[in-house]
Amino acid sequence: MSNQSFVRTEMLPEQAPPGSTVGVLGWLRENLFSTWINSILTVVCVVFVYYVLSNILSWTFLSVWNANSLTECREIMMATWGTTHGHACWAVINERWQQMLFGFYPPELYWRPILALVLLLVALSPILYAEKVSSKLLYLTAAYPFLLVWLMWGGSIWGPLMAAAGFGIGYLAYRFLLPIAGGLTALIAAFLLPVLWWLFLAGPVAGAINSIIPIGIASVESREFGGYMLALLLGVVAIGCSLPLGIVLALGRQSDLLIVKYLCVGFIEFIRGVPLITLLFVASLLLNLFLPPGTNFDIILRVMIMMTLFSAAYMAEVIRGGLAALPRGQYEGADSLGLNYWQAQRLIIMPQALKISIPGIVSTFIGIFKDTTLVSIIGLFDVIGLSSAIRADTAWNGIYWELFAFIGFLFFVVCFGMSRYSMYLERKLQTGHR
Amino acid sequence: MTTLTDPPKEHFRLSMLLYDTRYRSATIQVVALMGFMLLAAWLLSNTIQNLEALGKPVEFGFFSEPASYDINQRLLEYDSRDSHLRAAFIGLLNTLVVAVLGCITATIVGVLVGVLRLSSNWLVAKIMTVYVEMFRNVPVLLWIVFAMAILIESLPAPRAFRGENPTATMDLFNTVAVTNRGVYIPEALFSRSLGDIHFFGESAMRFDVSLDLIAIIIVLAGSIFAMRKVTAWANKTQEQTGDRPKIWHILLGLIFVPMLILLVALGFHLGYPELKGFNFTGGTHLRNSLIALWLALSLYTAAFIAEIVRGGILAISHGQTEAAAALGLRQGRIMRLVILPQALRVIIPPMISNYLNLTKNSSLAIAVGYMDITGTLGGITMNQTGRELECVLLLMLVYLAISLSISAVMNWYNERVKLVER
């Protein structure tokens, strides 16, 4: 008989994987103790994390919430824990949080910035969550800039209304002149008439209507603005205005029109080459020199203008990156469909270019929002400026960490939220090219 | 049969400027240029009128007047009798110092963190993520004032080093004193110094270059040149014979022996900081403002660089790693020889813009009182002379020049490492 080798005819039953490769133990082995270097690193990290967390947590939670001064805080700490080290004195936040959030805005009017913030979220919702929210809310979005100005600065409602009327005038001019005088005349009229309206008529008309039907709320001076509210206000305005301006600049830079191109390049490179702080110096010291003698407009408005220009230059570069990343075929496809320049941009190029540049756009937003703190250097009382002001008070002289932690927390929440939203949006808009 | 006829002669009509696409672009450009020039002329005429009304014609004569303020952290000699121009020059050097220091530290920390964020060790990766998110989402100005507060509040005062039982001691074998007035580190001294060369005589830009330093640099360059020659010879021998000659001791000797001879010849010794009276004397004094700015800027920028490095590494396809592993390279070598050189091409352009950002952010020095160009030219000089227009414009020009030169240098480097497509 030949010695036939053994061939197994039935499968062995599956065995459970070794205990060291599954479950918690397996995870630990794979992710924390895979090699001896990793094990050492893990141990070092655990010690580090324990050291940091134990200090920070006890500092944060074993803390004093009610006191009128740092001295009192320290007395309470001495009495409770026998040491003044390692315990936070949140009493300063407890006492001053309203000031840090709203600056010197009149306390009885706090509802206005809060309402403005709530309305902002509502007005943004049709843009941020387009498929879940009714698009009728877009009317609120369109009206929001004027509402914001009115709510924040107060005064007569007719000023913002008349400013908004300028856009209505432009629209009407275009509608009625288009059949009569042709596209170009209508376009020029739609551009010129509102400008003339704003320059010469809006002010007197608003004044006249206001003297007949005075509707308004208490007005608030710009120098009363401050705190985190100021950062949010500057951030929202700069972000909102810089996106359209940035798109225009990016298109200008990509354009075939040589002069337009070089004007845009010059503007973008100049702004990107200088620090924001010098532009804020221009806002606070020089902008009044550049305008007709006698004009003296609001410091916050001047800062808004400069921050918008600053962020628009960065935005333009981000969007230009998106435009450059589009395959040439998209442009040619648009041409072959017979679309003109603006149609091609609106229907084909921009939706794709903006989608590509979402991460860059959002990180520019975050950058602008963080940069609003720089206004404390030119003497506006934003939240960092206020923290120095609070320290200048004898009661709170020498308090640092609690204020910084609070400010850092405020900024972290908004910036982190924005970056997470951009990730969500990227995932949502991903059409699966990868 | 068809005959070709000349197209009908078109007469130029004015409306063609608008409706004919051949001319429309020219029209738009002319209108844009005219609009721009009108705007510029309007701003300029307003400025001239306003300045006349204020009685402040644009002139730069104030630059030669004595600055009469002190700059405590500086590279070159300066005192308050020097001119405003000299003060601005010192400030410019201070800006460059903090920018260069910051860029170097930020790169080191950033690359390290970026690589560690991809570590297979879960805990290390998470800690690095927390670091990156923490620094990226909080304003840099807050980090700067925070760093300054830490230095001032939590470090011992110089008097803590005094007495029989001092509560604080100097670090690193008694050579470095870390106090709340700054850090004192040993300075290099030469007892048989070769002296200095003076450049630009007595002008505001005058500076001295130590001949000792030049001698050291020359010797170092010579050593490195010789080392490269030896390495090349070793490579050649290896290619010809297959055996690599042992050269590490030659290389070590080449770098150390000439330097040691030179240092002994120059009488090199270290000047240590010493506690005299209420403060430390001797050594080099790094002020808190410089350290706070340097630390905050580099840690802040490092968080961004870490993300760039991580993105660059992730952009290299996994096949490269696998191919390298198939060749039998170890983990560290895969990173160093295969991944990083390719990732570098993705990393460099955004890295440039981060270096630029760091340089521009260094203007926040004014918040902690470090006298950079913003603190001198755009700060005290501007306030003392009241010449806002001249100072701010000049400040912008200086930053513009710095930015453009950095991007020029970095773009040149980028061109060099760029993949040559064939």
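Please read all numbers here as calculations on a predicted model, not as lab measurements.

Quick notes on the rules
Residues numbered from 1 in each chain as written. Chains lettered and ligands numbered in written order. Predicted model: local features only at pLDDT ≥ 70, side-chain atom pairs only at ≥ 80, totals over all residues. Heavy atoms only, no water. Helix = DSSP H or I, 4+ residues; strand = E, 2+ residues; numbered from the N terminus. Rg over C-alpha atoms; globule rule 2.2 N^0.38 Å. Contact = heavy atoms within 4.5 Å. Areas by Shrake-Rupley, 256 points an atom, 1.4 Å probe, with all protein chains shown as cover. Lys, Arg positive; Asp, Glu negative; His and termini not counted. Charge placed at Lys NZ, Arg CZ, Asp CG, Glu CD. Buried < 20%, exposed > 50% of the residue type's maximum accessible area, 1.4 Å probe, protein only. Disulfide = S-S within 2.5 Å. Domains from an automatic or database assignment. Axes fitted to C-alpha atoms, helices over the stretch in contact; angles between N-to-C directions. Parallel < 35°, antiparallel > 145°, perpendicular 65-115°, else oblique. Left-handed = near helix turned anticlockwise from the far one by under 90°. Nonpolar A, V, L, I, M, F, W, Y, C, P; charged D, E, K, R; others polar. Salt bridge = Lys/Arg side-chain N within 4 Å of Asp/Glu carboxyl O. Pairing = 2+ DSSP bridges. Buried area = accessible area lost by both parts, 1.4 Å probe. Polar contact = N/O pair within 3.5 Å; in protein donor to acceptor, adjacent residues only side chain to side chain. Expected span 1.5 Å × (residues − 1). Bend = angle between axes of the 7 residues up to and from the residue. Phe/Tyr/Trp six-rings, centres within 6.5 Å; stacked < 30°, edge-to-face > 60°. Lys NZ or Arg CZ within 6 Å of the ring centre and 35° of its normal.

Engineer: I keep staring at the overall build of chain A and nothing clicks. Help me out?
Structural biologist: Scanning chain A for helices and strands turns up 17 helices and two strands. Against the globule reference of 22 Å for 434 residues, chain A gives a C-alpha radius of gyration of 30 Å, more extended than a compact globule. Principal-axis analysis of the C-alpha atoms places the extent of chain A at approximately 110 × 80 × 40 Å. Looking at chain A alone, contacts between residues at least 24 apart form 71% of all its contacts between residues at least 6 apart. Accessible surface computed for chain A: about 23800 Å², of which carbon and sulfur atoms make up 69%. When the 23 positive and 21 negative side-chain charges of chain A are each reduced to one mean point, those points stand 8 Å apart.

Engineer: How should the overall build of chain B be read in this particular structure?
Structural biologist: For chain B, the helix and strand inventory stands at 13 helices and nine strands. The globule rule puts the C-alpha radius of gyration for 422 residues at 22 Å, and the 30 Å found for chain B is more than 25% above it. Counting across all 422 residues of chain B, residues that qualify as buried make up 39%. Look at the contacts in chain B between residues 6 or more apart in sequence, and 63% of them connect residues 24 or more apart.

Engineer: Would you explain the environment of Ala343(B) in this entry?
Structural biologist: Residues and elements named next belong to chain B. For Ala343, the location among the structural elements is in helix H11 (residues 331-361). Exposure remark for Ala343: the relative accessible area of 0% places this residue in the buried category. In contact with Ala343, not counting residues within four places along its chain, are Gly312, Ile313 and Ile316.

Engineer: Just checking my understanding: could you explain the state of the cysteines for this structure?
Structural biologist: Defined simply, a disulfide is a covalent bond joining two cysteines at their sulfur atoms. Residue and element names in this part refer to chain A. All chains considered together, the criterion is met by one disulfide over all chains. Bridging Cys73 to Cys89, the disulfide has an S-S length of 1.8 Å. Between Cys73 and Cys89, the disulfide has an S-S torsion of 85 degrees and is therefore right-handed. In this pair, Cys73 sits in helix H3 (residues 70-81) while Cys89 sits in the loop between H3 and helix H4 (91-102), placing the two residues 16 residues apart along the sequence. Overall, the relative accessible area of 1% leaves Cys89 in the buried class. Looking at Cys241, it has no disulfide partner, and the nearest cysteine sulfur is the one in Cys264, 18 Å off.

Engineer: What is the right way to look at the domain arrangement of chain A in this model?
Structural biologist: Domain boundaries in chain A define domain 1 (23-93), domain 2 (97-105 + 223-429) and domain 3 (155-217). Taking the mean C-alpha position of each, domain 1 of chain A and domain 3 of chain A sit 60 Å from one another.

Engineer: Any chance you could explain the environment of Met229(A) here in plain terms?
Structural biologist: Residues and elements named next belong to chain A. Relative to the helices and strands, Met229 resides in helix H9 (residues 227-254). Overall, Met229 belongs to the buried group, its relative accessible area being 7%. Once the C-alpha coordinates of Met229 and Asp382 are considered, the two residues, 153 residues apart in sequence, prove to be 8.0 Å apart. Those residues in contact with Met229 that sit more than four places away from it in its chain are Leu101, Phe102, Tyr105, Pro113 and Met152.

Engineer: Even after reading the chapter, I still don't get the packing of H9(A) against helix H12 (residues 299-325) of chain A, so can you show me in this structure?
Structural biologist: When two helices pack together, their arrangement is given by the angle between their axes and by how far apart the axes lie. Residue and element names in this part refer to chain A. Running from N to C, H9 and H12 cross one another at 45 degrees; their axes reach a closest spacing of 5 Å. The pairing of H9 with H12 is recorded here as oblique in orientation. The two elements H9 and H12 meet at a crossing, and its hand is right-handed. Grouping the constituent residues of the contact of H9 with H12 by class yields 24 nonpolar, five polar and three charged.

Engineer: Just checking my understanding: could you explain the pattern of salt bridges for this structure?
Structural biologist: For the structure on display, the rule yields 14 salt bridges over all chains. Between Asp393(A) and Arg96(A) there is a salt bridge; the shortest N-O distance is 2.5 Å. In this pair, Asp393(A) sits in the loop between helix H16 (383-392) and helix H17 (401-429) while Arg96(A) sits in helix H4, placing the two residues 297 residues apart along the sequence. For the salt bridge of Arg387(B) with Glu390(B), the shortest nitrogen-to-oxygen distance reads 3.4 Å. Just as Arg387(B) is buried, Glu390(B) falls in that class too.

Engineer: Would you mind showing me how to read the sheet that holds strand S1 (residues 177-179) of chain B here?
Structural biologist: Note on sheets: strands pair through backbone hydrogen bonds, and any given pair is parallel or antiparallel. All names here are of chain B. Taking strand neighbours across the sheet as the criterion, the three strands line up as S1-S2-S9 in an open arrangement whose pairing is antiparallel. Strands at the two margins of the open sheet, each flanked by one partner only, are S1 and strand S9 (284-286). In this sheet, neighbouring strand axes are inclined to one another by 15 degrees on average, regardless of whether the strands run parallel or antiparallel. Note: strand S2 (residues 182-185) against S9, three bridges, orientation antiparallel. The partner of Val183 across the bridge, within S9, is Leu286. Along the sheet, helix H9 (residues 288-315) makes contact with S1, S2 and S9, crossing S9 at roughly 55 degrees.

Engineer: Got a minute to help me understand the interface of chain A and chain B in this structure?
Structural biologist: Contact residues are listed per partner, giving 55 residues for chain A and 54 residues for chain B. Across the interface of chain A and chain B, roughly 4800 Å² is buried in total on both sides, 77% from carbon and sulfur atoms. For chain A, the biggest contributors to the area lost against chain B are Leu289(A), Phe290(A) and Lys370(A); these three give 13% of the whole. Here chain A and chain B share one salt bridge between them. Here Arg420(A) ties to Glu133(B) by a salt bridge, and the two come within 3.4 Å at their closest N and O atoms. Where chain A touches chain B, the interface holds 17 residue pairs in polar contact (both at pLDDT 80 or more). Mapped by element, the contributors of at least two residues to the side of chain A that touches chain B are helix H1 (23-31), helix H2 (36-61), helix H10 (258-273), helix H11 (276-290), helix H15 (358-371) and H17 of chain A. The dominant element in the side of chain A that touches chain B, judged by the number of residues it contributes, is H11(A), at 10 residues.

Engineer: How do you make sense of the packing of H10(A) against helix H2 (residues 21-54) of chain B when you look at a structure like this?
Structural biologist: Packing of H10(A) against H2(B) brings their axes to within 8 Å, and their N-to-C directions diverge by 35 degrees. Contact residues: Leu258(A), Ile259(A), Val260(A) and Leu263(A) in H10(A); Gln29(B), Ala32(B), Leu33(B) and Phe36(B) in H2(B). Split into classes, the residues belonging to the contact of H10(A) with H2(B) amount to seven nonpolar, one polar and no charged.

Engineer: So what exactly am I meant to see when it comes to H2(A) here?
Structural biologist: Residues spaced three or four apart along an α-helix point in a common direction, a consequence of the helix completing one turn every 3.6 residues. For H2(A), with 26 residues, the first-to-last C-alpha span of 37 Å sits near the 38 Å given by 1.5 Å per residue. Buried within H2(A) are the following residues: Asn38(A), Ser39(A), Thr42(A), Cys45(A) and Trp59(A). In this fold, the buried residues of H2(A) make contact with H17 of chain A together with helix H4 (122-136) of chain B.

Engineer: What am I meant to see in unusual backbone geometry here?
Structural biologist: Peptide bonds are, in most cases, trans, and in most cases residues other than glycine have a negative phi. Notably, Ser68(B) is not glycine yet its phi reads approximately 50 degrees, a positive angle. Mapped onto the elements of the fold, Ser68(B) is located in the loop between H2 and helix H3 (84-117).

Engineer: Help me understand H11(A) in this model?
Structural biologist: Bending of H11(A) peaks at approximately 50 degrees at the position of Ser284(A). Burial runs high along H11(A): 12 of the 15 residues are buried. Inspection of H11(A) places Leu276(A), Ile277(A), Thr278(A), Leu279(A), Leu280(A), Phe281(A), Val282(A), Ala283(A), Leu286(A), Leu287(A), Leu289(A) and Phe290(A) among the buried residues, and these make up the whole buried set. Turning to H11(A), the residues buried within the fold contact H10, H12 and H15 of chain A together with H2, helix H12 (373-385) and helix H13 (388-417) of chain B.

Engineer: What am I meant to see in the packing of aromatic side chains here?
Structural biologist: Geometrically, a pair of aromatic rings is defined through the distance of the ring centres and the angle of the planes. All chains considered together, the criterion is met by 31 aromatic pairs over all chains. Through a chain of ring-to-ring contacts, the aromatic side chains of Tyr400(A), Trp401(A), Phe404(A), Tyr131(B), Phe135(B), Trp143(B) and Phe146(B) assemble into a single cluster. The residue whose ring lies beneath Lys261(A) is Tyr262(A), and the NZ or CZ to ring-centre distance is 6.0 Å. Lying over the aromatic face of Tyr314(A), Arg272(A) brings its terminal NZ or CZ to 5.7 Å of the ring centre.

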